[in-house]
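# Architecture and fold: a report
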Amino acid sequence: MKIATAQFTCVPGDIRANVRQMTDLAGEARAQDAQLVVFPELALTGYELEALVADPGLLVGADDPRLDAIRASGIAAVVNCAAATDGELPAIETLVYGAGGELIATYRKQHLYEHERSVFVAGRQDGRFELGGLRFALATCYDNHFSELISRGTADGCQVHLASSLYGTGGGVQERAAVYPGIARDANVYVVLANHVGQAGPWTGCGGSALWAPGGSLLVEADARTAMVVTAEIG
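Source: prediction; values computed, not measured.

On to the environment of M22. Relative to the elements of secondary structure, M22 occurs in helix α1 (residues 15–31). Here M22 falls in the buried class, since its relative accessible area comes to 0%. For M22 and V79, which are 57 residues apart along the polypeptide, the C-alpha to C-alpha distance reads 9.2 Å. Those residues within four positions of M22 in sequence are excluded, and the remaining contacts are F8, F39, A43, L44, I70 and V79.

If you want it as structure tokens, here you go:
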């Protein structure tokens, strides 16, 4: 199957504007015959923690009507967002929709990064789903720095590791370039990274959304500046 990874510059705190961008990118991925498209961390709002604290209207649920256009795009999609929980704090949540718009998996970020810990609650369960005869593992940004999370995925038969992330310019460029091919090499799985490009909260996303093959060889990579979709055949 073909998988696409998408990068773009989020409109801060504007779910509807970001859904329009994501729907356009999903359409591009479908036009390239991809069956699945992966979006960056907090793609629906941008990485805008102060806004998320101040405005509960920026939290979404799986059936939120603001996501209807993505669900109707005709391609499976991995959508990362801020979501309400049963507790006081929201979670950084991944929603996975099938090509028919049905919810097929959810995952909450387990390893929160520094300042995120006062804003969000950490997830407690791994995320898995199957599509096109392949088994997928879900991870969000800082999660990918924890080998035990990745090892649990491979032990559970996952062949593809999906990462919705935010890496910025400066040191984030080197970090991105080390972490993700390293996962592909050490865990012997396909790795799909969706990263931000352009302004992303306090950072500037360095782009470079990419797919790697088991063993760590690069299959395809986006540039560092442009909103775009790149696809590769896996499996």
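Now that the structure has been shown, the text picks up again.
The side chains of a regular strand alternate between the sheet's two faces. Most of strand β1 (residues 2–7) is tucked away, with five of its six residues classed as buried. Sheet topology note: the β1/strand β2 (residues 36–38) ladder contains three bridges and is parallel. Each residue of the ladder has a partner; that of I3, found in β2, is L36. Tracing the backbone out of β1, into α1 and back to the parallel element β2 gives a crossover that is right-handed.

Before going further, it helps to examine unusual backbone geometry. Backbone geometry places D33, a non-glycine residue, at a positive phi of 70°. Of note, the phi angle at C141 is positive, near 45°, even though the residue is not glycine. Considering the arrangement of structural elements, one finds C141 in the loop between β7 (134–140) and α4 (147–155).

It is worth spelling out the packing of aromatic side chains at this point. Evaluation of the coordinates by the stated rule reveals six aromatic pairs. Geometrically, the ring pair formed by F129 and F136 is stacked, given 4.7 Å between the ring centres and 5° between the ring planes. There is no split in this pair, since F129 and F136 are both buried. On the numbers, 5.6 Å between centres and 85° between planes, the contact of Y167 with Y180 is edge-to-face. Remark: Y180 occurs in helix α5 (residues 171–187) and Y167 occurs in the loop between β8 (160–164) and α5; sequence separation between them is 13 residues. Each member of the pair, Y167 together with Y180, is buried. One aromatic cluster is present, built from ring pairs that chain together Y113, Y142 and F146.

Conventions adopted
- Residues numbered from 1 in each chain as written.
- Predicted model: local features only at pLDDT ≥ 70, side-chain atom pairs only at ≥ 80, totals over all residues.
- Heavy atoms only, no water.
- Helix = DSSP H or I, 4+ residues; strand = E, 2+ residues; numbered from the N terminus.
- Buried < 20%, exposed > 50% of the residue type's maximum accessible area, 1.4 Å probe, protein only.
- Contact = heavy atoms within 4.5 Å.
- Pairing = 2+ DSSP bridges.
- Right-handed = clockwise from strand over helix to strand, strands pointing away.
- Phe/Tyr/Trp six-rings, centres within 6.5 Å; stacked < 30°, edge-to-face > 60°.

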